[in-house]
Each structure stands twice: as structure tokens, then as C-alpha cells.
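Residue-level structural notes
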Amino acid sequence: MTDYAHIQEWMEKTRFWLMEEKSPGSPAEAEILRDVLRFHEYQYYHLDRALITDPEYDRLYKMLEAWEKANPGSVTPDSPTQRVGKSLNTQFATVTHLVPMLSLDNSYNASDLYDWDRKAKELAGNSMIEYCIEPKYDGASISIIYENDVLVRSATRGDGVQGDDITVNSRQIRNLPLRAPFSRYGIQSIEIRGEVVMTKKAFEGFNLQLMENGQPPLANPRNAAAGTLRMKDPAEVGRRKLEAFLYHVSYVSQISNTQIPNSNSQIPNSKNILKEDSTEAPLEFGVSNFGISKIPTTHSGMLQMLWDCGFRSPVHEMKVSAGIEGVIDHCNLYEAKRDDLPYEIDGMVVKVNNLDQQDQLGMTTHHPRWAIAYKFKARQGTSRLRGVEFQVGRTGAVTPVAKIDPVGIGGVTVGSISIHNEDYIKEKDLKLGDTVVVERAGDVIPQIVRSVAELRTGTEKEIVFPQTCPVCQSALYKEADEAVWRCINVECEAQVVERIIHFVSKDALDIRSFGEQQVRRFYELGLLKDIPGIYKLDFDRISTLEGFGKKSVENLRLAIEQSKTQPLHRIIYGLGIRHVGETTAKMLAQRITHLLDLKALTVDQLMQLEDIGPKVASSIYGFFQNIKNIQMLAELENLGLTLRRAEQTTVEGGKLEGQTFLFTGTLSKLKRSDAEAMAEKAGGKILSGVSSKLNYLIVGEDAGSKLEKAKKIPTIRILTEEEYLNLLAYDN
Ligand code: AMP
Ligand code: ZN
């Protein structure tokens, strides 16, 4: 069957279920519905294409879920609804791998690879060797067993012989199929190996969140992936978006029950488990290679089999090469493009491709002789920790920044590195004068991995955290549940400057041509001392400054003038009240008619508002109880800023009139604020949280808890950005 016909057949089934608003009539029908869902999961997670919309997928999913709820006896463990498991309150069980997980021998340059090639040929009786080269994923290794096509167990590597049973967590890895058609190859049970990784993007988001919660970030995606796999809460594992890459088959048994473990090379002896081609293969949700039922006899063939069964194996990244020169080329190619990959790799793995030859080469007690890792140049370097500077941010947070002897790491020179907070310094055991290991993972900001205590001479000094603000000298405070020390003097110069920078920034008052540099310069020259000062700038003096021509002064004056009519929520956000981000600012702006109305609200009253907890409420309360802040706002109003909410700009008669909207995740085409403005222009209203009042949730990439919440309210329509644009086009 061609791909096309195959897809058509599944789409027909899909449409059948989408049309029939009924639930499955029997367990057999439920299984068909499951297959439809599996087909779309495969399209989405494996082939990166969506053949139906998210809401349509959700409808199918809910249909199945409802039926399974009514028929609990007929729920199968491989059902697409069964990814979510219960939290664990005990230790992970220890399990024994069917075949030990070995490590790999290492090589670092071309000459190492030439040596290895020579030895391998000798061991293979001087015959030709074909190699398969693939990325060495930098994550946490995992071993997974499928029996009768169903995922039954996954384990961490542990000590190589035994690991932790993390099956519940592995089910949260969305590109790992819960069911895979190995039976097409005559396989009854199979143990496969791979690496669980967190993509660079997911890692960045994850670290940002850690830092927002006052926790130290992790040094690299590898640690993040390994830590996540061993979490007790599977739902949290799901949120962290791990991905699995599979690159090895370590054990296979045939359907006829003759088990063929292969303790020698970790690879099944393929001769014993060959099966004849079957003529008619069952309809599977995979697309290609129907009718294949031979277990491959090469490593690259195994990778293809894994891919065809729905796994992310390196078929597109691998290269099969008959000579070692081709191996070296491929290693160099990937070393050059490692920064462009969405995930971290720390080298390549070269494997003898023919499985019989692998057997022939065998293994030592530590590693197979038929494979070798080619390690890329380290992204780590060592340096000396010379000093620590303490920087004061907008909210008064004092951040220690390590000054190290400049060191080149993967093409970038690193001289200062944030070391976050006092707890972090303790945890990493950092001392002045220490030799430190510095790591840069891809584009991720550099981190100090550890200090090398072995190299201490006794002259190293403790890093003393200041008790007073390094800028204004007032005493520092720390809240009980936080790791961050803060200067709470609102007039602290460092904070004042940072606050002005924030006020003029893009998402706040958006004063173009007024950047961080200008704010600092004007402040140092005494031209600007606080936020109202922006509207009292002496342009005559500014025009005498170097770099300020007539035109640029006029541009600046215009931009400042225009900012006076910015909507209220931008001003609220621009004030930089702790814990008040853009969303909260918008919500607040909708609840008041004048900014100073907030002065009258108590903490309790604030907490009545959507999405406001005690922390946010007391921060807002504190801000508006401070007389200096009130004076500043009054002055801003006198200077011409609008602190009054503009009349609701709903467009009467617009087709979206009375409809409510909310956005979550990152949109790919539109800026969030523009997308919101478009809805408002068509008469729609933006809500600040998910509730039954919401009509539409528009979901971008990396959507979070709002989506989860919205899925539970059947009246909310969930749209992709595309669908949202269609809705607008249709309505205007
Ligand atoms: P090492 O820990 O440096 O000895 O390297 C061995 C580890 O590399 C294995 O245990 C795997 O977890 C990991 N690895 C990553 N990618 C691959 C790959 N393509 N083939 C084999 N091992 C890999
Ligand atoms: Zn200060």
C-alpha cells in the first residue's frame, strides 16, 4: 500500500469517529478508536505533521476516555489514555537489565580512529568492515522492554547491571510509543536502548522557571533529563517534555518462544531469528515498509526497524561508511553543526554495522570492541575564580557574579558567570582562588560546574556575602522561603536605574530610541533621576551630548511624547511591582477605572481577583501603600500620562462581540499583544484566566497549565494560531 492510500484509509476512520458523536459500542470498536488516536500520535510526534486539529484530537481522546471510564474492565495498558500514571510514594523498584548496559571506549581525534579501525580489522580476520556512525546523545540512558508489542518496562542504567524501574515516567515521554508493531518482525519481546534528552529549548524554559522560583538553575540538559526521569510525580515529568532517541537493540525473543539473549555482543544473533517474508502485513499506523518481517542483520537496519516501529532512531543522522575516512568526515560534519541541533550531543558513536561481525569482535568487561565513542572537543574549561561582584537588580535582588580568568570554551571567551545566590555558592563549595570547571552547553549561558577541591593550596578564601547593599549600603534582607538577598531601599540607585530601564522597555511603555545605554548615561550625567524624570528631560542639554544630532533628539522627544498615551496595563507592568507580569497587569487594568483605585484595595480584596495569590497580593498592596509611589504616580499624571483606563474599545456589531478570548504559549506568527488587539478590534474581550466564562483559548507552542485547565471545561473551544486567524478572517 502506498503512503497516500494508507493515510487516506486512516483519515476515513478518523472522519467516521469525528462524525459519529457516539461512543464505541464494544471493546473491539474501542480498540479501533485507540488505533486512530495512535495513528495521529505517530503522525504528530514521529513525523512532525498534524493531520487533524488539536481540538479534533481532543474530541477523539475524550470519546475514548469516557468509554473507558464506563468500561474500566476493558482499559488496556497501551491505550493512549494510559500515559498518565499515579505519583509514587515509595522508592523506585530495582530491576535487572536483560543484558548489562556497558559503557563505550573513547576516541578523541582522527588518529585514535585510525588505530581503532586497524585493530577492528585485525579482529575481524582482516576483512572489510562497514561502519555506522550516529550522534552520541547527551542525556540519560534508558532501557525499555516491549512484550507482544506493548511497552512493559523501562529502567535507568543504574550500575549497568541493575537500574531503577521508571516505567511510569517513561510513559510521559510523548515520542515514545506505548505500543509498537514488533510482531511484524516475528518479535515477541525486545529490549531496546536509548537516551532520554531535554531539548535545548525545553531546558532553557525549565531553567528560567527554576530561577523564577528562586532555585539555582541546572548546569546542562543532561542533568535536567536524568533528574526528571527519577521524579516521583509523573505529571511533572510530562510537563518537562522529555524526548527519547533509540539507538540499540540489546535483546530479542521470537514469537515461537525460543529466547535468544545474546550475552556476548548485546545484539541478538540474527541468523536464529530470521523469519520468512509474510505476504500480507496487518494495517499498522506506521507508514512505510509493509510486509517486512525479517529482523535486520545490520545495525543500520535495526535503526530503520526502530524508526518504522515508531521510534525516534537516528536514521536521518546516521551514515554508513565502508572506510574509516568516511567515518572521520561524518564526525567532523557533526562537530561543526552540533550548535544547530535542537538537542545536545557530546560526540558521535561509531559502530561496526554487520551484526555477525559485531559478534566476532565481542567485548571486554567494560565495553564492546565493535563500537567506539568519538568525543567532541570539550565544552568545559578550567579557570581560576578571582573575585565576586555583587549586582543589584530592579527588585533589589543581589546577584553574585563570579569573575574568572578569561577562558575560551567552544569558541567563546567567558570571563564572568552568574553564581545566582548564597545557597548555590555553598552547594558548589566555591571559594575565592579556587580552580573551577566551567561549562557551556550549546547556546546556554555558562555555568560553574564545580570547584576542584583537590587543587586547593589552603590560601583560598571564603566568599563573603555582603550584609549591606553594595550600591546604597542599606541592610539586606532575605525572606524565609527564598535564597535571594535583597536591598529593600526603594531609592537605591542601582534599583532606580534598573526600574527606569524597565519602564521604557518594549513590553512596558515601549519608548523607542530610549534604551538601557541612554538611561545609564543620562542617569550618570544627572539628566535623569527617576521615572517622572523621563518626561522632564532637558533636550537642549541632550543635544549638546556627543552622538545626539538634531534628528535623534527629535526622535527621542517624539517617542517619549507618544508613550504618554500608552494603555494603562503597560504603565502598571512598567512600574515593575514584584510578581506583577504582563498578564497580571492586564487583569488589574480591567478591574479598575483609575490606577490609584488600587490604593484602596486590601490584600484580601486583591486576592479575590483572578489568579492572584497571597504573594502577588501583598506585593501590590505594599507598592500602593508606599506614599512615595503614590506621589510618583500623581506626578506622572500631571506630566500627561493616562492613568485612567480607556473606555472599552469593543467594536459594536463586530462578529466576535461578546466572545471571550485567552492566549497561552508562544504564537509563531503573531505577537501576543497584537493577537489580543485583533480580537478586541473585532469586538472580543480578553480574559485573564481560564474559567467557564471563556469561549476561546488560543494555544501556541509550549502551552502550559491554562491548556490543561481549559480541556476540563467542555464549552471552551481550543484553537491553534492558524484556526484563530481563520476565525478572524471569517469574521471581519
Ligand atoms: P560513556 O558514558 O561516555 O561511556 O558513553 C556511553 C554512553 O553513551 C552510553 O551508555 C549511552 O548512554 C550513551 N549514548 C548516547 N548516544 C549513543 C549512541 N548513539 N549509541 C550508543 N550509546 C550512546
Ligand atoms: Zn541598595
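Let me sum up the structure you'll find in this document. Numbering of residues starts from 1 in every chain and runs along the sequence as written. As a convention, the first chain written is A and the first ligand written is 1, with the rest following in written order. This being a predicted model, a pLDDT of at least 70 is required before a residue's local features are given, and a value of 80 or more before pairs of side-chain atoms are given or counted; all residues contribute to the totals for chains, interfaces and linings. Working from all heavy atoms in the structure, the side-chain values ignore hydrogens and water.

1. Overview of the packing of helix α20 (residues 614-625) against helix α21 (residues 627-638)
Between two packed helices, both the angle of their axes relative to each other and the distance between the axes serve to describe the pair. What counts is decided by this rule: Only the contacting stretch of a helix is used when fitting its axis, a line to C-alpha atoms as for every element, and angles between N-to-C directions run 0 to 180 degrees. We count a stretch as a helix when DSSP gives it H or I for four or more residues in a row; a strand needs E for two or more, and each element gets its number in order from the N terminus. Should an angle fall under 35 degrees it is taken as roughly parallel, and over 145 as roughly antiparallel, whereas 65 to 115 is taken as roughly perpendicular and any remaining angle as oblique. In what follows, residue pairs with any heavy atoms lying within 4.5 Å of each other are defined as contacts. Three classes are used, and their members are as follows: Ala, Val, Leu, Ile, Met, Phe, Trp, Tyr, Cys and Pro are nonpolar, Asp, Glu, Lys and Arg are charged, and the others, Gly among them, are polar.
Contact pair α20 / α21: the axes reach a minimum separation of 5 Å and the direction vectors enclose 70 degrees. When the axes of α20 and α21 are compared, the pair comes out roughly perpendicular. Of the residues in α21, those touching α20 at F623, F624 and Q625 are I627, N629, I630, M632 and L633. Among the residues making up the contact of α20 with α21, the classes are represented as six nonpolar, two polar and no charged.

2. Details of the packing of aromatic side chains
Let me state the cut-off plainly: The rule is short: rings of Phe, Tyr and Trp, with Trp giving its six-membered ring, pair when the centres are within 6.5 Å, and they are stacked under 30 degrees, edge-to-face over 60, tilted in between. For each residue, the accessible area found with a 1.4 Å probe, counting protein chains only, is set against the maximum for its type, and the residue is called buried under 20%, exposed over 50%, and partly exposed in between.
Counted under the stated rule, the structure contains 19 aromatic pairs. Residues F661 and Y696 carry aromatic rings whose centres are separated by 5.0 Å and whose planes lie at 10 degrees to one another, so their mutual orientation is stacked. Here F661 is found in strand β22 (residues 660-664), whereas its partner Y696 is found in strand β24 (residues 696-699), with 35 residues between them in sequence. For the pair formed by F661 and Y696, the shared burial category is buried.

3. Re the pairing of strand β4 (residues 140-147)
A regular strand places its side chains on the two faces of the sheet in alternate fashion. Which entries qualify depends on this criterion: Two strands make a pair as long as DSSP finds a minimum of two bridges between them.
Most of β4 is tucked away: seven of the eight residues are buried. Pairing of β4 with strand β7 (residues 187-198) involves eight bridges; the strand directions are antiparallel. Bridge pairing links A140 to V196 in β7. One ladder, built from six bridges, connects β4 with strand β5 (residues 150-156); its direction is antiparallel. Bridge pairing links Y146 to L151 in β5. Between β4 and β5, which pair antiparallel in sequence order, lie two residues; one of them, N148, sits at a positive phi of approximately 50 degrees.

4. Section: a nonpolar patch on the surface
Rules: Within this analysis, patches are made of residues with over 30% relative accessible area and no salt bridge. Like charges are joined at 9 Å or less; nonpolar side chains (Val, Leu, Ile, Met, Phe, Trp, Tyr) at 5 Å or less. Accessible surface is estimated by sampling points in the Shrake-Rupley manner with a 1.4 Å probe; for residues, cover comes only from the protein chains shown. One speaks of a salt bridge when a side-chain nitrogen belonging to Lys or Arg is within 4 Å of a carboxyl oxygen belonging to Asp or Glu.
On the surface, L208, M211 and I445 cluster together into a nonpolar patch covering about 280 Å² of accessible area. On the secondary structure map, I445 appears in the loop between β17 (435-439) and β18 (447-451).

5. Some words on the site of ligand 1
Short version of the rule: Whether a residue is near a molecule or strand is decided by its heavy atoms; if any one of them lies within 4 Å of it, the residue is near. Between N or O atoms, a polar contact is any pair within 3.5 Å; within protein, one atom must be a potential hydrogen donor and the other a potential acceptor, and residues adjacent in sequence are included only when both atoms are from side chains.
Taken together, 14 residues surround ligand 1, and among them E134, P135, R157, E195 and K351 come closest. Between ligand 1 and E134, the relevant distance is 2.8 Å, taken from a nitrogen atom to a side-chain nitrogen or oxygen of the residue. In this structure, Y247 approaches ligand 1 through a side-chain N or O atom, which is 3.3 Å from an oxygen atom. When isolated, ligand 1 has an accessible area of 500 Å², and the protein chains bury 83% of it. Mapped onto the shell around ligand 1, the elements with two or more residues apiece are β3 (131-137) and β11 (345-352). Per element, the largest residue contribution to the shell around ligand 1 is four residues, and it comes from β3.

6. Considerations on the sheet that holds strand β23 (residues 685-686)
Taken in spatial order, the four strands of this open sheet run β23-β22-β24-β25, and their pairing is parallel. In this open sheet, the two strands that pair with only one neighbour each are β23 and β25 (717-720). Judged from the four bridges that link them, β24 and β25 form a sheet pairing that is parallel. Directly across from I698, in β25, lies its bridge partner L719.

7. A closer look at helix α7 (residues 221-229)
What counts, and what does not: The arc under discussion is defined with respect to the helix axis, by the directions toward the C-beta atoms.
Of all the residues in α7, the buried ones are P221, A224, A225, T228 and L229. Projected down its long axis, α7 carries its buried residues within an arc of 125 degrees, all on one side.

8. A few points about the packing of helix α13 (residues 493-504) against helix α14 (residues 516-524)
Let me state the cut-off plainly: Each crossing gets its handedness from the near helix: less than a right angle anticlockwise from the far helix is left-handed, clockwise is right-handed.
Running from N to C, α13 and α14 point in directions that differ by 140 degrees, and their axes come no closer than 9 Å. Relative to α14, α13 is oriented oblique. α13 and α14 meet at a crossing whose hand is right-handed. Contacts between α13 and α14 involve E493, V496, V497, E498, I500, I501 and V504 on the former and, on the latter, E516, V519, R520 and Y523. Of the residues assigned to the contact of α13 with α14, the class counts are seven nonpolar, no polar and four charged.

9. Comments concerning the pattern of salt bridges
Side-chain pairing between opposite charges can occur once the charged atoms of the two side chains come close. Under the criterion given, the structure shown has 44 salt bridges. Between K201 and E701 there is a salt bridge, with the nearest N and O atoms lying 2.7 Å from each other. Residue K201 is found in helix α6 (residues 200-212), and its partner E701 is found in the loop between β24 and α23 (705-711); the two are separated by 500 residues along the sequence. A relative accessible area of 47% means that K201 is categorised as partly exposed. Two residues, K478 and E422, come together in a salt bridge whose shortest N-O distance is 3.7 Å. Taken together, the residues span a long stretch of sequence, with K478 in strand β20 (residues 476-478) and E422 in helix α12 (residues 422-427) at a distance of 56 residues. Taken together, the shared-partner salt bridges in this structure form one network comprising E31, R34, D35, R38, E68, D78 and R179.

Interpretation in functional terms is not warranted from these geometric data alone.
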